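Breakdown of the fold
Chain by chain, the residues:
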Amino acid sequence: MSKVFASKMPAQQLDALQTMVTKHIVDPSLRDIVGTADFTATSTERGVLRWEQAHLVAALDVLNAYQRDRRSRSSCRVGSLRLGKSKEFAKDPRTRIIELLKRWLRTHAGNANVSEEEVRGVCGLCRDILNHPALFPARNPRSFLQSVAEVYDHLQLQLREVLERDRTCAELAQRVLSLSRNLISDAVGFLLLAPSDFRQTDTLPSLEVVALWQSLPDLGHPLPGRADAQLQRTMRDAWGSDCGGVVAAVLSTPCCVRLFDGARGEEEASKAIEARAASSRAIALGAASSRSIALEDDGLAPAPEVSTVRALVRAVSLRTPERGRSDEGEVVSSSFVAHDVSALIAEAVARFERGSFRSSGLAGAFRDPKDATQAKVRQSYFEAAKGIHDLIYLLAEVLVQFHRISDGMGDYGMIRMSPWLHPFLDALMDKLNCLKGSLEHINEAVESAYVLARARQGRVEKPAPSDRMCSRAHACIERAVTGRSSHAKALGQAIEELKARSAPERLPTVTGSLGDACKTLQVILQSPEFRDSVGDAFANLPPLGDAAGGAGQTQPRASTGLLQLADGVDSDTDVEPRIAELEDEPRIVELEEESVAMKMSPSFECHSERSTAPSSRESQITVGSVTQAEVWNCTASRVGRRLKRRDQRVIVVHDGCLHIYEKGGARVEAVMDPVLDMSTCAVRLCMLSLAARRLPQGASWEDGVFEHAEYSFEFDSVDFAAAFYSELKSIAG
């Protein structure tokens, strides 16, 4: 009886394990542990050179230790000892599931971005195994279930790390770009399949944007090196139609190339445009030369002037598509040039209003010019095409720049850009919702006119989309809009998450963590333990504010607000500021013509009843066009609402700008134009207060990224404060 039971146990174990694996594991290569010989015993060495996930590699070590210590043990006992047997396990059920876990752990231990879903799946598998103690009786000191329990503990810790890992604004911006590419590609495929009669698409292996580029006509092709002659012949009539021409125009824009193929595709497209322009100039010059020779032979006129040649070049470069005639005499497009999308839509709408649908590309159910319902479907089609075009522009021209800022400056840079980023994201959401509504309207019309009509064996208007077109269109719209996990839904969530992560309310948290890190680092680097560890040869570190530049640097830089290591500590020593030579100092803030539109008129307020005449004391010196003063930099006290002296500064008015020097006077911290940079300026007794723009940490003046800063400077007397205020007010006009 025991033999019969023993013979059934491995089969029962294997069946149970296979059921659990099928339930929890998604990877096809790991789902079948019964019908394959892949999961036989492997080496008990780790097999991972470097790891990124400590808990996963620890779990791998646990399984290897179990396999090394495992041996067959007899059920017979001699006293308190159980007899052991020398046996190697190669493909029994325990070995198979252990090898499955080892393979997954080896694959993911070196992966820096393990997904939550995969960790949850393996976690669930281990937890289900622990529910069957009777199926896996323990005989070894390190049992199978004990090892699986240890692996489960490590996976739980790994899952906690995955869930606690914050996604940065740069990662979220990249996710928005990725989801948008998926949405746009499926939306384009849907427009080509659902409401059209483009049966040529049945022969296309893929409807992704990068694949459709191969079939675009040569004339106006954004990437002529990727054209496929056979696919071009297949899709020639489709691209020559009204609807197909609009879609082709969207696919041919430089923004589309930039969004879907990056810098490499953009460079290739630029070379193609240059080659096309050179060819057009050559054709124009040849035509002009032939005309000149003909006129000279007739004795009518000399060779054309330069203006004539330029006109010919422009005419050739901007020539309209070649057009032929249909069987009924209607003009149709046989090739395509990347015209303005809005213009092509307007031309198509005008032809539809005249009742001209022969070259429309629309299915028969949407060609009646008198049917208001069909007119709305056609309107939704063009609104969707225009929405796709607008989305491509916003993503390729705008969002990629925000992504660059976030990549370079982290969450801090994105938070500082939130006054521009958030309105842009709102506009992006509006475009997304409009596109979603248009696609859903088209889908409802197609479902009613063709899919349901065919299912009910009713009459359908011809030309009609093929069954394959309807099937592919349904897959596209389900991925893009209507599915539970659609691109549109995920994109909306990513946009909202990006807004939350870049909210100004997060700035104290971001700056606080940086400030705490810097303070801790300062304490450690100045500690005796650190000096004992690195030895006497370690150089004396300069103050953190001087780390970025050397002596004589006059480039304006950010305030040390983020890296202020001694905030709240009063200066007890007199500062001997060193004033840089201002006569040779270049003015850093150069204003472009576009900056005039952003010009702010500062509000100047004087609350002093004293004279505004400058004083002759040494703390304020006026030499020619240079006015400078030594002042106290004051900030809000941590206790109460009064201002507290922090450090001594030197402020200088020179060449129409206010120069604020860092503590110690070695370098300029900020350069401010009273007209463009200051929003408010007020004087009350000895205190001069102003609000202005300054450069954030890690940015350059050319980036155009600024942060708002408030300064309060205490002068030696009311006269000095009033005099400096008068100087700034006279500059602001």
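All chains use their own residue numbering, which begins from 1 and follows the written sequence. Reporting of local features is limited, given that this is a predicted model, to residues whose pLDDT is at least 70; pairs of side-chain atoms are given and counted only at 80 or more, and all residues count toward the totals for whole chains, interfaces and linings. Heavy atoms from the whole structure form the basis of all side-chain values; hydrogens and water molecules are not counted.

1. What to know about the environment of Leu421
Helix and strand assignments follow DSSP, with helices taken as H or I runs no shorter than four residues and strands as E runs no shorter than two, numbered in order from the N terminus. By the secondary structure assignment, Leu421 is in helix H14 (residues 418-455). Of the residues examined, Leu421 reaches a relative accessible area of 0% and is grouped as buried. C-alpha of Leu421 to C-alpha of Ala503: the two residues are 82 residues apart in sequence and 9.8 Å apart in space. In contact with Leu421, other than residues within four places in its own chain, are Phe402, Met414 and Ser502. We call a residue buried when its accessible area falls under 20% of the maximum for its residue type, exposed when it is over 50%, and partly exposed in between, using a 1.4 Å probe and counting protein chains only. Residue contacts are defined here by distance: any two heavy atoms, one from each residue, within 4.5 Å place the two residues in contact.

2. Overview of the confidence of the model for the protein
Values of pLDDT, which run from 0 to 100, indicate the predictor's confidence residue by residue. Of all residues in the protein, 71% attain a pLDDT of 70 or more, and the chain-wide mean is 76. Segment residues 545-602 is flagged for pLDDT under 50; beyond a separation of four residues in sequence, or across chains, it makes 109 contacts in the model. Predicted confidence is poor over residues 608-625, with pLDDT under 50, and the contacts of this stretch with residues over four places away or in other chains come to 35 contacts.

3. Some details on the side chain of Asn64
Along the chain, Asn64 falls in helix H2 (residues 54-69). A relative accessible area of 1% means that Asn64 is categorised as buried. Those residues in contact with Asn64 that lie beyond four places of it in its chain are Ser43, Thr44, Glu45, Arg46, Lys102 and Arg106.

4. Re unusual backbone geometry
Residue Pro463 is reached from Lys462 by a cis peptide bond, and omega for that bond is 0 degrees. At Gln457, a residue that is not glycine, the phi angle is positive and equals roughly 60 degrees. Topologically, Gln457 is positioned in the loop between H14 and helix H15 (467-482). Phi at Leu685 takes a positive value of approximately 55 degrees, unusual for a residue other than glycine. The exposure class assigned to Leu685 is exposed, which follows from its relative accessible area of 54%.

5. Topic: the pattern of salt bridges
A pair is scored as a salt bridge if a Lys or Arg side-chain nitrogen falls within 4 Å of a carboxyl oxygen belonging to Asp or Glu. Summed over all chains, the structure comprises 19 salt bridges. Here Asp390 ties to Lys431 by a salt bridge, and the two come within 2.9 Å at their closest N and O atoms. Residue Asp390 is located in helix H13 (residues 372-416), and its partner Lys431 is located in helix H14; the two are separated by 41 residues in the primary sequence. The exposure class of Asp390 is buried, given its relative accessible area of 14%. Lys431 sits in the partly exposed class, given a relative accessible area of 30%. Residues Lys499 and Asp426 are paired through a salt bridge, measuring 2.8 Å at the closest nitrogen-oxygen approach. Note that Lys499 is positioned in helix H16 (residues 487-501) and Asp426 in helix H14, a separation of 73 residues in sequence. Taking relative accessible area as the criterion, Asp426 reaches 34% and is therefore assigned partly exposed.

6. With respect to the packing of aromatic side chains
Classification of ring pairs uses Phe, Tyr and Trp, with its six-membered ring standing for Trp, and accepts pairs whose centres are within 6.5 Å; under 30 degrees between planes counts as stacked, over 60 as edge-to-face, and the remaining range as tilted. Per the stated rule, a full pass over the model turns up nine aromatic pairs. Ring geometry for Phe366 versus Tyr450: centroids 6.3 Å apart, planes at 65 degrees, classification edge-to-face. Pair noted here: Phe366 is in the loop between helix H12 (341-353) and H13 and Tyr450 is in helix H14, with a separation of 84 residues, a long-range link. Accessibility expressed as a relative area gives 3% for Phe366, which makes it buried. On the numbers, 5.8 Å between centres and 90 degrees between planes, the contact of Tyr381 with Phe382 is edge-to-face.

7. A closer look at the pairing of strand S8 (residues 643-654)
Buried residues dominate S8, accounting for nine of its twelve residues. Pairing between two strands requires that DSSP report at least two bridges joining them. Linking two consecutive strands that pair antiparallel, namely S8 and strand S9 (residues 657-661), is a turn of two residues; a positive phi of about 55 degrees is found at Asp655 within it.

8. Overview of the side chain of Asp242
Looking at where Asp242 falls in the secondary structure, it is placed in helix H9 (residues 242-251). Assessed through its relative accessible area of 6%, Asp242 is described here as buried. Among the polar contacts made by the side chain of Asp242, one reaches the side chain of Arg351 at a distance of 2.6 Å. Those residues in contact with Asp242 that sit more than four places away from it in its chain are Ala348, Arg351, Phe352, Ser359 and Ser360. Two N or O atoms count as a polar contact when they lie within 3.5 Å, although within protein this holds only if one can serve as hydrogen donor and the other as acceptor, and sequence-adjacent residues are included solely when both atoms are side-chain atoms.

9. Focus: the packing of H14 against H16
All axes are obtained by fitting lines to C-alpha atoms, using only the stretch in contact for helices, and the reported angles, taken between N-to-C directions, cover 0 to 180 degrees. The geometry of H14 relative to H16 is characterised by a closest axis approach of 10 Å and an angle of 170 degrees between their N-to-C directions. One finds that H14 runs roughly antiparallel with respect to H16. Our pair here, H14 against H16, has a crossing hand that is left-handed. Across the interface between the two elements, His422, Leu425, Asp426, Leu428, Met429 and Leu432 from H14 touch Ala488, Leu491, Gly492, Ile495, Glu496, Leu498 and Lys499 from H16. Charged residues are taken to be Asp, Glu, Lys and Arg, nonpolar residues to be Ala, Val, Leu, Ile, Met, Phe, Trp, Tyr, Cys and Pro, and polar residues to be all remaining types, Gly included. Partitioning the contact of H14 with H16 into residue classes produces eight nonpolar, two polar and three charged. Every angle not falling under 35 degrees, over 145, or within 65 to 115 is termed oblique; those three ranges are roughly parallel, roughly antiparallel and roughly perpendicular. Handedness of each helix crossing follows the sense of rotation of the near helix against the far helix: counterclockwise by less than a right angle gives left-handed, clockwise gives right-handed.

10. Brief notes about the packing of H9 against H13
Interaxial distance between H9 and H13 falls to 10 Å at its minimum, and their mutual angle equals 10 degrees. With respect to each other, H9 and H13 are oriented roughly parallel. Every residue of H13 that contacts H9 at Cys243, Val246, Val247 and Val250 is listed here: Tyr381, Phe382, Ala385, Ile388, His389 and Ile392.

11. Thoughts on the environment of Met429
Residue position: Met429 is located in helix H14. Judged by its relative accessible area of 16%, Met429 falls in the buried class. Taking the C-alpha atoms as reference points, Met429 and Glu496, 67 residues apart in sequence, are found 9.1 Å from one another. Not counting residues up to four positions away in its chain, the partners in contact with Met429 are Gly492, Ile495 and Glu496.

12. Some words on helix H8 (residues 229-239)
Along H8, the residues that are buried comprise Leu231, Gln232, Met235, Ala238 and Trp239. Projected down its long axis, H8 carries its buried residues within an arc of 110 degrees, all on one side. Opposite its buried face, H8 presents the exposed residues Gln230, Arg233 and Asp237, each directed more than 90 degrees away. Buried positions along H8 lie against helix H6 (169-193), helix H7 (209-212) and H9. Taking the backbone nitrogen of Gln230 as reference, a side-chain oxygen 3.0 Å away marks Asp228 as the first, capping residue of H8. Our arc is simply the arc of the directions from the helix axis toward the C-beta atoms.

13. Examining the environment of Ser143
Positionally, Ser143 belongs in the loop between helix H4 (116-129) and helix H5 (144-164). According to the relative accessible area criterion, Ser143 is buried, its value standing at 9%. Sequence separation of Ser143 and Asp69 is 74 residues, and the distance between their C-alpha atoms is 9.4 Å. For Ser143, the contacting residues outside a window of four places in its chain are Tyr66 and Ala138. A polar contact is formed between the side chain of Ser143 and the backbone nitrogen of Gln146, at a distance of 3.1 Å.

14. Quick word on the pairing of S9
Counting buried residues along S9, five of its five residues qualify, which places the element largely inside the surrounding structure. A two-sided burial pattern is seen for S9, the buried positions comprising Cys657, His659 and Tyr661 on one face and Leu658 and Ile660 on the other. Relative to S9, S8 is paired through four bridges, and the arrangement is antiparallel. Paired with Ile651 across the two strands is Ile660, which belongs to S9. With four bridges connecting them, S9 and strand S10 (residues 668-672) associate as antiparallel partners. Along S10, the bridge assignment pairs Tyr661 with Val668. The loop that links S9 with its antiparallel partner S10 comprises six residues; one of these, Gly664, has a positive phi angle of about 100 degrees.

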